[in-house]
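# A closer look at the structure
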Amino acid sequence: MMARLRGNQAAAPEAAPLTVKRAIWAANQLRSKPYRFGGGHRCFSDDAYDCSGTVSYMLGGAGLIKAPMSSSDLRKFGESGNGKWITVYARNGHTYAIIAGLRLDTTPYHSFNDHWAPRWQLTARVPAKGFVARHPVGL
């Protein structure tokens, strides 16, 4: 089951668990926020987000974590490996997530000349060296 992208907003599959629907809803709230290194680290509510702040906001909105986590901390989140609905890819210095088949990432969409910002992306990203795959228990 794959989420659909309508413009810059994702729609969860009808059969998705409520936690996944909440994760997608939370990530949708960031679609107009800019990128700022360290954004979203002190608390979930901020005016800009970096990669781990973005993934933390999504996980927090889904009720899966209580406080923001750094990319290094996300390397130990949940269980090892790919999840059925949510997978967090983390390494020291960067993190992104795949939620119901859509990638939530802050890296530029088309090229490194584009701006960095929290957004949904349809393009696949093969995890580079150093990334570990983690998933919430049961998802």
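Our subject is the structure that appears above.
Residues numbered from 1 in each chain as written. Predicted model: local features only at pLDDT ≥ 70, side-chain atom pairs only at ≥ 80, totals over all residues. Heavy atoms only, no water.

This paragraph deals with the packing of aromatic side chains. Under the criterion given, the structure shown has four aromatic pairs. Where Tyr 96 meets Phe 131, the ring centres are 5.5 Å apart and the plane angle is 70 degrees; that geometry is what we call edge-to-face. Highlighted residues: Tyr 96 in strand S5 (residues 94–99) and Phe 131 in the loop between strand S7 (119–121) and strand S8 (132–135), separated in sequence by 35 residues. Its relative accessible area of 12% is what places Phe 131 among the buried residues. Within the aromatic cluster, the residues linked to one another by ring pairs are Tyr 89, Tyr 96 and Phe 131. (Phe/Tyr/Trp six-rings, centres within 6.5 Å; stacked < 30°, edge-to-face > 60°. Helix = DSSP H or I, 4+ residues; strand = E, 2+ residues; numbered from the N terminus. Buried < 20%, exposed > 50% of the residue type's maximum accessible area, 1.4 Å probe, protein only.)

In this section: the pairing of strand S4 (residues 86–91). The element S4 is extensively covered by neighbouring structure, given that five of its six residues are classed as buried. Counting the residues that bridge the hairpin from S4 to S5 gives two residues, and of these Gly 93 lies at a positive phi of roughly 105 degrees. (Pairing = 2+ DSSP bridges.)

So, about the sheet that holds S8. Backbone hydrogen bonds are what pair the strands of a sheet, in a parallel or an antiparallel way. The strand order S3-S8-S4-S5-S6-S7 describes an open sheet built from six strands, whose pairing is antiparallel. Of all the strands in the sheet, the pair left with one neighbour each is strand S3 (79–80) and S7. In terms of strand pairing, S4 meets S5 through six bridges, oriented antiparallel. Among the inter-strand pairings, Ala 90 is bridged to a residue of S5, identified as Thr 95.

Any link to function would need more than the numbers given here.
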